[in-house]
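Read off the chains here:
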Amino acid sequence: MTVRDIRVGEAAIDPAGLHAAFLSAHGAAGAVVSFSGLVRGQTKAGAVEHLWLDWYPGMTEDSVTAIVAAAADRFAVTALLVHHRCGEIHAGEPIVFVAAASAHRRAAFEAADYLMDRLKSEAAFWKRETTAGGAHWVEPTADDQRDLDRWSQT
């Protein structure tokens, strides 16, 4: 059974603290991989002032839980963690933290990569980016779809 820690909300994410706690709890697994996603300071639309990440409580957690369950079924991992922030997030601030523990490195790397690809394209979040030029909704890109498609081929 894979230990799962899933949180979605407006609380700030502390990547260093989360990594240290996850490593302490699961370091005996053999491999721990973590990833911190940050709000970019620059996009095609210009310098980012902030990102508003909207969610629908209940539905969003259910979609994240389903993605984590799929990762647990697909990879030989002993623990998975996904903390995702919502609300107003400024450039440079953490928006998501993902961690995976497994007996061997390959499963942990692949599980974390899989989680991020699916979270970015399939989780029930809606992103509105604000730059000096105004605000606009952010849709998954062709690169995001290619990242997602590769998991259906392996």
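As the structure is a prediction and not an experimental result, all values here were calculated from the model.

**Student:** Please explain the nonpolar core as it appears in this structure.
**Tutor:** For soluble globular proteins, nonpolar side chains are generally found buried alongside one another. The biggest cluster of nonpolar side chains holds 33 residues, and the ones touching the most others in it are Val64, Leu80, Val98, Leu115, Leu119 and Phe125. Mapped onto this core, the elements with two or more residues apiece are β2 (31-38), β4 (46-55), α2 (59-74), β5 (77-85), β7 (94-102) and α3 (105-122). Sorting elements by how many residues they give to this core places α3 first, with seven residues.

**Student:** Help me understand the pattern of salt bridges, please; the structure alone is not making it clear to me.
**Tutor:** Opposite charge on two side chains allows them to pair when their charged atoms are near. Evaluated as defined, the whole model comprises seven salt bridges. A salt bridge links Asp113 to Arg150; the nearest nitrogen and oxygen atoms lie 2.5 Å apart. Placement of the pair is Asp113 in helix α3 and Arg150 in helix α4 (residues 142-153), with a sequence separation of 37 residues. The exposure class of Asp113 is partly exposed, given its relative accessible area of 30%. Residue class for Arg150 comes out partly exposed when judged on its relative accessible area of 31%. By sharing partners, the salt bridges in this structure join Asp113, Asp117 and Arg150 into a single network.

**Student:** Before we go on, may I ask you to explain α4 in this structure?
**Tutor:** Between the first and last C-alpha of α4 there are 17 Å, a value that for twelve residues agrees with the 16 Å anticipated at 1.5 Å per step. Looking only at α4, the buried set comprises Asp144, Leu148 and Trp151. All buried residues of α4 fall inside an arc of 45° around its axis, so they share one side. Among the exposed residues of α4, those pointing more than 90 degrees away from its buried face are Ala142, Arg146 and Gln153. For α4, the secondary structure elements touched by its buried residues are α2 and α3.

**Student:** Got a minute to help me understand the side chain of Thr43 in this structure?
**Tutor:** Checked against the element boundaries, Thr43 lands in strand β3 (residues 42-43). With relative accessibility at 17%, the residue Thr43 sits in the buried group. For Thr43, the side chain forms a polar contact with the side chain of Glu129, separated by 3.0 Å. If we ignore the near neighbours within four places in the chain, the residues touching Thr43 are Val48 and Glu129.

**Student:** Please clarify how the packing of aromatic side chains should be interpreted in this entry.
**Tutor:** For any pair of aromatic rings, the description rests on two quantities: the centre-to-centre distance and the angle between the ring planes. This structure, assessed with the given rule, holds three aromatic pairs. The interplanar angle of 85° and the centroid separation of 5.9 Å between the aromatic rings of Phe75 and Trp151 together place this pair among those described as edge-to-face. With Phe75 in the loop between α2 and β5 and Trp151 in helix α4, the pair connects residues that are 76 residues apart, well separated along the chain. Both rings, one in Tyr114 and one in Trp151, keep their centres 5.3 Å apart while their planes meet at 85°; by these two values the pair is edge-to-face.

**Student:** Sorry, what's going on with the sheet that holds β2 here?
**Tutor:** Two orientations exist for strands paired in a sheet by backbone hydrogen bonds: parallel and antiparallel. Spatial ordering of the open sheet is given by β1-β5-β7-β2, a layout of four strands whose pairing is mixed. Because the sheet does not close on itself, it has two edges, and the strands there are β1 (3-9) and β2. This sheet shows a mean twist of 5° between the axes of neighbouring strands, independent of strand direction. Relative to β7, β2 is paired through eight bridges, and the arrangement is antiparallel. Paired with Ser36 across the bridge in β7 is Phe97. Sheet strands in contact with α2 are β1 and β5, and its direction is about 155° off that of β1. Against the sheet, α3 touches β2, β5 and β7, its axis set at about 150° to β7.

What counts, and where the lines are drawn
Residues numbered from 1 in each chain as written. Predicted model: local features only at pLDDT ≥ 70, side-chain atom pairs only at ≥ 80, totals over all residues. Heavy atoms only, no water. Core = buried A, V, L, I, M, F, W, Y, C linked by side-chain atoms within 4.5 Å. Buried < 20%, exposed > 50% of the residue type's maximum accessible area, 1.4 Å probe, protein only. Helix = DSSP H or I, 4+ residues; strand = E, 2+ residues; numbered from the N terminus. Salt bridge = Lys/Arg side-chain N within 4 Å of Asp/Glu carboxyl O. Expected span 1.5 Å × (residues − 1). Arc of directions from axis to C-beta. Contact = heavy atoms within 4.5 Å. Polar contact = N/O pair within 3.5 Å; in protein donor to acceptor, adjacent residues only side chain to side chain. Phe/Tyr/Trp six-rings, centres within 6.5 Å; stacked < 30°, edge-to-face > 60°. Pairing = 2+ DSSP bridges. Axes fitted to C-alpha atoms, helices over the stretch in contact; angles between N-to-C directions.

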